[in-house]
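Examining the three-dimensional arrangement
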Amino acid sequence: ALNISHQIQRNDHTTQSSATQPASMIYIATAALLAASSLAAPSAGVSMANRVSHRTPTAGAGAATNSLRARLNKYTGTMSKPSRTSAAADLRASLPTGATGPAPYFDPLNLSEGADESTLQRWREAELTHGRVSMLAALGFLIAENFHPLFGGDINGPAIDHFEQIDDRYPAFWKAILFSIGLFESYRSTYGWSDPTKGGDLFTLKPEYTPGDLNFDPLGILKDKTADEITELKNKELNNGRLAMLSVAGIIAQELVNHETVVDTWREILNVEEKAALGLTNPDFQENVKNVDPNFLKIPDKNYDPQEVGKLIKEIPKL
């Protein structure tokens, strides 16, 4: 398309009898150029537009070239290359909290590589939301399985069965819960998320919104706190939320396997360990072990030099 446009401009110098032909042909070239720019990558479209705009048009084709330039600007004005910040945001700058020991900036799958700042902020919003729900869920598992005065006290057993038990007796209960969740989520979406109907991007947070900051602090925990203290509290919330997500996944998996409550599972594990420990003091057990290995139950004497052990430990990597 560029070659056609330049050829038309040269033809305009050599012939005067077809003065109207270059203008009409330039419009054809313009259409071809616009079609090519819409199919090409944004950077290629910008490059072509810049090459055209940097040419100095001749007097005969000046008006047509200016029209071409105006049309190109209309279609390629928003196709500028993204900045380095938006194309690959710095994880440390975009998410200043949450990077704590023992593995700061833990990203083994390189999910943040190439992600823009908007994406990182949206992931942090999701992490905080799931972490908060998981902290409530982990606490709810322990309480609901051991203290359940609601519904006449008939809802018992593993928490993963409570849903069906309640639904059998009070089918409208979960509908009310679902409606309440919808109200809270609707408020959260209008508070921190961009509104596409008002010119905002789809599935993006508002630029002025901080992920997780819903201005909800009924106990005044953040009141009169310094910036460092607030950062520390945010890190604690993130770490406890991450632990809660893992713990809830573990609790659900455990109850699906043995179909027992969390406390019953703990009690069973402790009973097994206690029986194993008491078995070591059983005289018959000790006698049988002595027959197999006389030194098995013998307490070792401290006949070594701790400093010498330290030196040996340093030699282990060399081995």
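The structure under discussion appears in the preceding block.
The paragraphs below set out a description of the structure included in this document. Remember, predicted model here, so these are calculated numbers, not experimental data.

What counts and how
- Residues numbered from 1 in each chain as written.
- Predicted model: local features only at pLDDT ≥ 70, side-chain atom pairs only at ≥ 80, totals over all residues.
- Heavy atoms only, no water.
- Helix = DSSP H or I, 4+ residues; strand = E, 2+ residues; numbered from the N terminus.
- Buried < 20%, exposed > 50% of the residue type's maximum accessible area, 1.4 Å probe, protein only.
- Contact = heavy atoms within 4.5 Å.
- Areas by Shrake-Rupley, 256 points an atom, 1.4 Å probe, with all protein chains shown as cover.
- Phe/Tyr/Trp six-rings, centres within 6.5 Å; stacked < 30°, edge-to-face > 60°.
- Axes fitted to C-alpha atoms, helices over the stretch in contact; angles between N-to-C directions.
- Parallel < 35°, antiparallel > 145°, perpendicular 65-115°, else oblique.
- Nonpolar A, V, L, I, M, F, W, Y, C, P; charged D, E, K, R; others polar.

1. As for the overall build of the chain
- Scanning the chain for helices and strands turns up 13 helices and 0 strands.
- Along the chain, from the amino end to the carboxyl end, the secondary structure elements read α-α-α-α-α-α-α-α-α-α-α-α-α.
- Within the chain, the proportion of its 319 residues that are buried is 24%.
- Considering only contacts within the chain whose residues lie at least 6 apart along the sequence, 60% involve residues at least 24 apart.
- About 22800 Å² of surface is accessible on the chain, with carbon and sulfur atoms providing 60% of the total.

2. Quick word on the packing of aromatic side chains
- According to the stated counting rule, one finds 6 aromatic pairs in the structure shown.
- Consider the rings of Phe163 and Trp174, whose centres lie 4.7 Å apart with planes at 20 degrees: the pair is stacked. Separated by 11 residues along the polypeptide, Phe163 in helix α8 (residues 162-169) and Trp174 in helix α9 (residues 171-192) bring together distant segments of the chain.
- Looking at Trp174, the relative accessible area reads 25%, which means it is partly exposed.
- Ring geometry for Tyr187 and Tyr191: centres 5.7 Å apart, planes at 40 degrees, overall tilted. Here Tyr191 and Tyr187 lie together in helix α9, a separation of 4 residues that amounts to about one turn.

3. Remarks on the packing of α8 against α9
- Running from N to C, α8 and α9 point in directions that differ by 115 degrees, and their axes come no closer than 4 Å. The angle between α8 and α9 places the two elements in the roughly perpendicular class. Listed contacts from α9 to Phe163, Ile166, Asp167 and Arg169 of α8 are Pro171, Phe173 and Trp174.
- Split by residue class, the contact of α8 with α9 holds 5 nonpolar, no polar and 2 charged.

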